[in-house]
Each structure stands twice: as C-alpha cells, then as structure tokens.
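# Examining the three-dimensional arrangement
Residues per chain are reported as follows:
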There are 2 protein chains.
Amino acid sequence: MPLTDSPAKPHDHSLCIEDALGQARLICEQRNVRLTAIREQVLGLIWQSHKPIGAYDLLEQLAKTHHAAKPPTIYRALEFLQDNGLIHKIESQNAFLGCAHVGGHHHGQFLICTICGTAQEIDEKIVSSALENASQAHGFRIQSFVIEIKGLCATCQDL
Amino acid sequence: MPLTDSPAKPHDHSLCIEDALGQARLICEQRNVRLTAIREQVLGLIWQSHKPIGAYDLLEQLAKTHHAAKPPTIYRALEFLQDNGLIHKIESQNAFLGCAHVGGHHHGQFLICTICGTAQEIDEKIVSSALENASQAHGFRIQSFVIEIKGLCATCQDL
DNA sequence: GGCGGCAATGATATGATATAACAATATCAA
DNA sequence: TTGATATTGTTATATCATATCATTGCCGCC
C-alpha cells in the first residue's frame, strides 16, 4: 500500500509517484475529465518531492521537455489538478503538493517542517470536528478551510 | 469593552480603531519599540475595516497623505506590526488584519466570510488543543500555525 | 551642544507570483 | 466532415514582495 502517509519515513518514492499517477488516471476517467500529457507531467513533477513546490520551479522543470511552456501553461494545469482534488496549494508558501487522500472531501491539514521543508498531509477527525464546533459557537457555517501547522517533523527534532 | 469580538455585530467601529491604536501604543512602550507615525497610520488604516486589506490597497490610502510612500514603506510597517503582534496576515488572501487579541501568543484562528469578506479572529482552545493532539500523534512539534476557515458568517447566512 | 551609532525612511530597481485576452489547435460527438 | 467545446499557445500585464544603497532622524554620551 504505497502512498506512504509519512514523508518522514524512508520509502521508495518512485512508487508514490506511480501510485499517484495511477490514481489520478482513475479519478479523471471516473469524472470524465482529461488528464492530458501536460497535466499528467505536472502532477508527476509535483509528486517528485515531498516538499511543496512553486509554480515557477515547476515551469522550469516542465520547460526542459516542453519548450512552449509559459506561466499560463503551469497555472492552468495547477488549476485543473486542484479542481479535481489531485493537489493542494500550501497558502503560506505559494506552493503545491500532491494530495495524499484523493477521492475524499478536499481541505487538507498539513504538518510542515520548518527545517527540512517536507509537508505531511494528515486528516484528523479531531481537528475537523474542533473547527466545526468552534465555528458553530460563532454562528459560522464552514465551507472549506486552510490548516497549515509549522514546526519540527520527527526526524528533524532528533538532529 | 470595545474591540468587539464579532465584526458581524453592529458596533461603533471608530471605538475599535481608537482602542486598537491605544493598545498598540502601550504594547510598543512596554516592548521599547517605536510606533512611528507611519506605523501608526498603517495600523489605523488596517483597522478601518473588518476585512483583510492588501498591501497595495494600504499603500494607496497611505499615499494620500504621505506622498513618499512606496511599496517598501508599507511592507516595512507591516513587518513591524506583525513582529509586534499587532496585525495578522491572512495567507490565503495576501492581506492583513488587525489583531484582536494583542499581547497573547500569536497565531490566529480566523473565520472568513466568503460573501461579505469579513474576517473574525477567534481563539478557541478546542482548536489549538486538537492541533496539538493531532501533531503529537504524528511525532510533530508545533511552532506556529495558520488556521483560516472559510464559510458564511451569521449575517450572510440569513440573506 | 556636538558627535557617533543605530533605527527608520527614501528611492530605485527588480524579483516572484498570478492572470487577462485572444489566437490556434486538438478532441470528440453527431 | 463538420461544428461545438476544451485545451494549448502567445503576448502582455497585473499583483505581491524584497534587495540595495542613500539619506534622515533619534538618542545616548562626552
């Protein structure tokens, strides 16, 4: 069962990527949307790292094989991937990350290490229900949320 | 007791502003840092709205009375105000908001209305302890966090 | 008071992130 | 095949943010 839940643990990351791409193809087929070559390539580039990656860094990578790539090329692919729940944007870094829980509801919770830069996506019921309770207490109805927790991952604490 | 906890409730907002500026002067005196004219003016401009405001919108306002104002002018003031816990940045909007709980620890929790744009700062123990629990479960040590909840405020739900 | 050091601001330039608008091409169903 | 729609190409520009160095202001110290 690849798509390891922890970027901190060592693992064969090429399996993560293949798995993510495989899931993406399935999802897109189910949703009847087109995972075109550009979109798939961008998703692959995003999955090559457990760190969020910026749009212009992606562009630089993409441009190596796709000479015509320009900012809109990347941003369109990113928009598509977000709309279909395949990636998340880390708002506090203007950077993008593969979604570790495709298919589910789509607001992530992220643990972002301030040393190594990895971002681990979690999906903790205790967090979402706390948000729900707190919001209700203020008469507020949730549509979505941004949860970005900064600190030290297990590995970097031991350095 | 001004500095109302809910921008949704009607209130005399000029009191909010005066109160915020008064608190800011106190804090800066205590911390032995200078709340200069520019910094105070920027803080006042930020407090004129319960909506997060962008740096260039602030610049436009500031420039009306301060002809020399340029982007660095604003960003320096914003940095100072953030460093001293007087404002927050809303990461998902690249915009700034007065801090409703000056003096305390400094990561906010925000309820942001997708209709009217107001952002209410809350400080719910249930949320912070849920984040703490969830992080610990993953061996992660929290340094700070970004919590931005989007949805409908009480007022806009009734429209 | 004047002088030296540091904090704050001025000024210019540029970097980094993101989108608008329209043209050209590809895909696919009828 | 053709027409409708989605995708990509292309150019330009909007928006957000910082680097750098010069100048000014503040304040303690002699």
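Residues numbered from 1 in each chain as written. Chains lettered and ligands numbered in written order. Predicted model: local features only at pLDDT ≥ 70, side-chain atom pairs only at ≥ 80, totals over all residues. Heavy atoms only, no water.

A word on the protein's contact with DNA strand C. Around DNA strand C, the surrounding shell holds 18 residues, and the nearest of these are Arg34(A), Tyr56(A), Lys89(A), Thr36(B) and Arg76(B). Of everything in DNA strand C that lies within 4 Å of the protein, sugar and phosphate atoms constitute 57%. Between Tyr56(A) and DNA strand C, the recorded distance is 2.5 Å, taken from a side-chain N or O atom to a base nitrogen. In the environment of DNA strand C, a phosphate oxygen lies 3.1 Å from a nitrogen or oxygen atom belonging to the side chain of Arg39(B). Every element with two or more residues in the surface near DNA strand C is listed here: helix H4 (71-83) of chain A together with helix H2 (37-47) and helix H4 (71-83) of chain B. The element that contributes the greatest number of residues to the surface near DNA strand C is H4(A), accounting for four residues. When the residues that make up the surface near DNA strand C are grouped by side-chain class, the tally is seven nonpolar, four polar and seven charged. (Near = heavy atom within 4 Å. Polar contact = N/O pair within 3.5 Å; in protein donor to acceptor, adjacent residues only side chain to side chain. Helix = DSSP H or I, 4+ residues; strand = E, 2+ residues; numbered from the N terminus. Nonpolar A, V, L, I, M, F, W, Y, C, P; charged D, E, K, R; others polar.)

Residues and elements named next belong to chain A. On inspection of all chains with the given rule, the structure shows two salt bridges over all chains. Put simply, Arg25 and Glu40 hold a salt bridge, and the shortest N to O gap is 2.7 Å. You can see Arg25 sitting in helix H1 (residues 13-31) and its partner Glu40 sitting in helix H2 (residues 37-47), a full 15 residues away along the chain. A relative accessible area of 24% means that Glu40 is categorised as partly exposed. (Salt bridge = Lys/Arg side-chain N within 4 Å of Asp/Glu carboxyl O. Buried < 20%, exposed > 50% of the residue type's maximum accessible area, 1.4 Å probe, protein only.)

On to the relation of the copies chain A and chain B. When chain A is fitted to chain B, the residual RMSD is 0.0 Å, and the transformation amounts to a turn of 180° plus an axial shift of 0.0 Å. This pairing of chains is accounted for by a two-fold axis. Judged by C-alpha distance, Ile147(A) is the residue of chain A that lies nearest the rotation axis, at 2.5 Å. With an isologous cut-off of 70% or more, the 100% of interface residues of chain A that recur at the interface of chain B puts this contact in the isologous class. (Least-squares fit on C-alpha atoms with pLDDT ≥ 70 in both. Contact = heavy atoms within 4.5 Å.)

Moving on, we come to empty space enclosed by the protein. All names here are of chain B. Under the criterion given, the structure shown has five cavities of 30 Å³ or more. Put simply, the second largest cavity is a space of about 70 Å³. Forming the boundary of the second largest cavity are His88, Cys99, His101, His105, His106, His107, Gly108, Gln109, Glu121, Ile122 and Asp123. The residue inventory of the lining of the second largest cavity, partitioned by class, reads two nonpolar, seven polar and two charged. (1 Å grid on protein atoms, 1.4 Å probe; cavity = no way out; pocket = protein on both sides within 12 Å on 5 of 7 lines; lining within 4 Å. Points joined across faces, edges and corners; volume = space filled by probe spheres on them.)

Around DNA strand D there are 18 residues in total, and Thr36(A), Arg76(A), Tyr56(B), Tyr75(B) and Lys89(B) lie nearest to it. When the atoms of DNA strand D within 4 Å of the protein are grouped by moiety, sugar and phosphate amount to 57% of the total. Taking Tyr56(B), its side chain carries an N or O atom lying 2.6 Å from a base nitrogen of DNA strand D. Between Tyr75(B) and DNA strand D, the recorded distance is 2.9 Å, taken from a side-chain N or O atom to a phosphate oxygen. Of all the secondary structure elements, the ones that give two or more residues to the surface near DNA strand D are H2 and H4 of chain A together with H4 of chain B. Broken down by element, the residue count for the surface near DNA strand D peaks at four residues, all from H4(B). In terms of residue class, the surface near DNA strand D is made up of seven nonpolar, four polar and seven charged.

Residue and element names in this part refer to chain A. The tally for this structure, following the rule as stated, stands at two aromatic pairs over all chains. When the centroid spacing of 6.2 Å and the interplanar angle of 65° are considered together, the rings of Tyr56 and Tyr75 count as edge-to-face. Linking Tyr56 in helix H3 (residues 55-65) with Tyr75 in helix H4, this pair joins segments that are 19 residues apart in sequence. Judged by its relative accessible area of 40%, Tyr75 falls in the partly exposed class. Arg39 extends its terminal NZ or CZ atom over the ring of Phe80, reaching a point 3.9 Å from the ring centre. (Phe/Tyr/Trp six-rings, centres within 6.5 Å; stacked < 30°, edge-to-face > 60°. Lys NZ or Arg CZ within 6 Å of the ring centre and 35° of its normal.)

Purely geometric stuff here, so don't read any function into it on its own.
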